[in-house]
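Below are the chains, spelled out letter by letter.
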Amino acid sequence: MNSSVGLDNMPNTTVRKSSNRHLELPEHLKTYKGVWVFLEHDQGQVHSVSWELLGEAYKLADKLGSEVAIVALGGPEEPLEQFATEAFGFGANKAYVIHDPVLRGYRNEPFTKGLTDLVSKYRPEILLLGATTMGRDLAGSVATTLSTGLTADCTSLSIDSTSRALAATRPTFGGSLLCTIMTLACRPQMATVRPRVMAMPPVQTGRCGQIIHEQLGMIESDIVTKLLNFITDSKSNQINLPYADVIVSGGKGLKNPENFKLVFNLARVLGGEVGATRPCVQAGWVEAERQVGQTGKTVRPKLYIAAGISGAIQHRVGMESSDVIVAINTDENAPIFDYAHYGIVGDAMQLLPALTQACEDHLAQHKSGHMRVVK
Ligand SMILES: Cc1cc2nc3c(=O)[nH]c(=O)nc-3n(C[C@H](O)[C@H](O)[C@H](O)COP(=O)(O)OP(=O)(O)OC[C@H]3O[C@@H](n4cnc5c(N)ncnc54)[C@H](O)[C@@H]3O)c2cc1C
């Protein structure tokens, strides 16, 4: 059946033509300027993703010829001004700060109000948040309250040269496609970005900026959510792949979960974390939190050892920014050797125990002060 006949026969169907879509920025939104980063903090510590985002915000602002600002919300006693000073060192020019008792500990309602009020008053062009549990929760409610566009869990950001819009790229359909999304007719343009996808920016010494204090205007009885207690998940910090300095990862080349223990042994000796490819996670050899790659975690360790990993593109995108990549694979044509810094063609089941033993001996010598100095 011809589809137009089908639609004509449907009495109350409205067909939205693409020409009805608003692709032009309305006049009143053209005054929006500047790139903002929401500063995430917990128990006196700023989440590293906020600094990573500041580095990216600085690059975007440079292309747009605008400035970078941070937003810090928190309780009266929280050191938000100190965070702002740190942010100036990472490239921010301004800091919008709200202290209020109801902002002590994250809750969606007061944080949404604080952030949306600031956006409505100061009109940033772009607003970035970390794709953490908090960032994702907050970004969704802020975007819907402001009726603007949000691209979640981005892996790269740039400025589109023709429209000057934020081009936010993210994996979609389980990582099988990368799509670039632009918010053309609404402001601010919002995006959340995965931790560790962006590099940590260098600190620029001697930079300072302006701190702007605002009021929240919300009282406890306005808020439905009550924070009774904060109980740390005993497992949550056990696997911290994105921020590990050393990662030993295993792939299907290890053949079975028993052999995979060799990966754990080497990671233990090196004081590192254990990563894995998707097939190992799917086979139930290791926890899903250990998956590295497009549909897993993005990592940037100082050392990444890949044992029995072919190096497929979906794995590569999650680890190629590692400082040093060492690959162990029996197949000398495995794609991983195209981007590993050091490659060993050999059987991981033999090499992993040998490497573990060698590292153990070396570290023991180092500790007992009997290191031979090689000149
Ligand atoms: C939409 C989508 C999303 C995906 N997302 C991810 C993701 O996030 N992360 C991810 O890792 N994958 C992901 N994948 C899967 C990815 O395409 C690859 O299939 C996967 O990375 C391969 O895993 P592997 O290297 O462990 O296994 P294989 O490709 O089977 O490679 C095993 C390797 O081990 C080597 N080997 C065999 N025996 C030995 C031995 N004794 N010693 C040493 N080496 C040996 C082999 O030569 C081979 O190179 C995704 C796929 C799709 C379609």
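Up top is the structure.
To keep things clear, this report deals only with the structure shown in the data block. (Residues numbered from 1 in each chain as written. Predicted model: local features only at pLDDT ≥ 70, side-chain atom pairs only at ≥ 80, totals over all residues. Heavy atoms only, no water.)

Quick look at the site of the ligand
Reasoning step 1: Around the ligand lies a shell of 30 residues, among which K252, K255, T277, T295 and S310 are the nearest.
Reasoning step 2: A distance of 3.4 Å separates an oxygen atom of the ligand from a polar atom in the backbone of G296.
Reasoning step 3: Within the backbone of A348, an N or O atom sits 2.9 Å from a nitrogen atom of the ligand.
Reasoning step 4: Across the complex, the protein chains shield 77% of the 980 Å² of accessible surface that the ligand would expose by itself.
Reasoning step 5: The residue inventory of the shell around the ligand, partitioned by class, reads seven nonpolar, 18 polar and five charged.
Reasoning step 6: No fewer than three residues from each of domain 1 (29-218) and domain 2 (241-367) sit in the shell around the ligand. (Near = heavy atom within 4 Å. Polar contact = N/O pair within 3.5 Å; in protein donor to acceptor, adjacent residues only side chain to side chain. Areas by Shrake-Rupley, 256 points an atom, 1.4 Å probe, with all protein chains shown as cover. Nonpolar A, V, L, I, M, F, W, Y, C, P; charged D, E, K, R; others polar. Domains from an automatic or database assignment.)

Some remarks on the pattern of salt bridges
Reasoning step 1: Across all of its chains, the model carries 14 salt bridges by this definition.
Reasoning step 2: The residue E77 makes a salt bridge to R104 at a minimum N-O spacing of 3.1 Å. With E77 in the loop between β4 (68-74) and α3 (80-89) and R104 in the loop between β5 (94-99) and α4 (108-122), this residue pair connects regions lying 27 residues apart in the sequence.
Reasoning step 3: E77 gets classed as exposed once you look at its relative accessible area, which sits at 52%. (Salt bridge = Lys/Arg side-chain N within 4 Å of Asp/Glu carboxyl O. Helix = DSSP H or I, 4+ residues; strand = E, 2+ residues; numbered from the N terminus. Buried < 20%, exposed > 50% of the residue type's maximum accessible area, 1.4 Å probe, protein only.)

Description of helix α2 (residues 48-64)
Reasoning step 1: Taking 1.5 Å of rise per residue, 17 residues should cover 24 Å, and α2 covers 25 Å from first to last C-alpha, within 8% of that figure.
Reasoning step 2: Burial runs high along α2: 12 of the 17 residues are buried.
Reasoning step 3: Turning to α2, its buried residues number three or more, namely V49, S50, W51, E52, L53, L54, G55, E56, A57, L60, A61 and L64.
Reasoning step 4: Note on α2: the residue one or two positions beyond its end, G65, has a positive phi of about 70°. (Expected span 1.5 Å × (residues − 1).)

A closer look at empty space enclosed by the protein
Reasoning step 1: Scanning the model with the defined rule gives one cavity of 30 Å³ or more in all.
Reasoning step 2: What lines the largest cavity is simply T151, L166, A168, I181, M182, T183, Q189, M190 and A191.
Reasoning step 3: Elements that contribute at least two residues to the lining of the largest cavity include exactly β9 (166-172) and β11 (189-193).
Reasoning step 4: The dominant element in the lining of the largest cavity, judged by the number of residues it contributes, is β11, at three residues.
Reasoning step 5: Partitioned by chemical class, the residues of the lining of the largest cavity number six nonpolar, three polar and no charged. (1 Å grid on protein atoms, 1.4 Å probe; cavity = no way out; pocket = protein on both sides within 12 Å on 5 of 7 lines; lining within 4 Å. Points joined across faces, edges and corners; volume = space filled by probe spheres on them.)

What to know about the sheet that holds strand β12 (residues 210-213)
Reasoning step 1: With parallel pairing, seven strands are arranged side by side in an open sheet as β7-β11-β6-β1-β4-β5-β12. Both outer strands of the open sheet, β7 (150-154) and β12, are each paired with one neighbouring strand and no more. In this sheet, adjacent strand axes meet at a mean angle of 20° when their direction is disregarded.
Reasoning step 2: Taken together, the three bridges between strand β1 (residues 35-38) and strand β6 (residues 126-130) define a ladder with parallel strand orientation. Following the sheet pairing, W36 is matched in β6 by L127.
Reasoning step 3: Across the face of the sheet, α3 comes into contact with β4, β5 and β12 while running at roughly 165° to β5.
Reasoning step 4: Along the sheet, α4 contacts β1, β4, β5, β6 and β12; its crossing angle with β4, the most-contacted strand, is approximately 150°. (Pairing = 2+ DSSP bridges. Axes fitted to C-alpha atoms, helices over the stretch in contact; angles between N-to-C directions. Contact = heavy atoms within 4.5 Å.)

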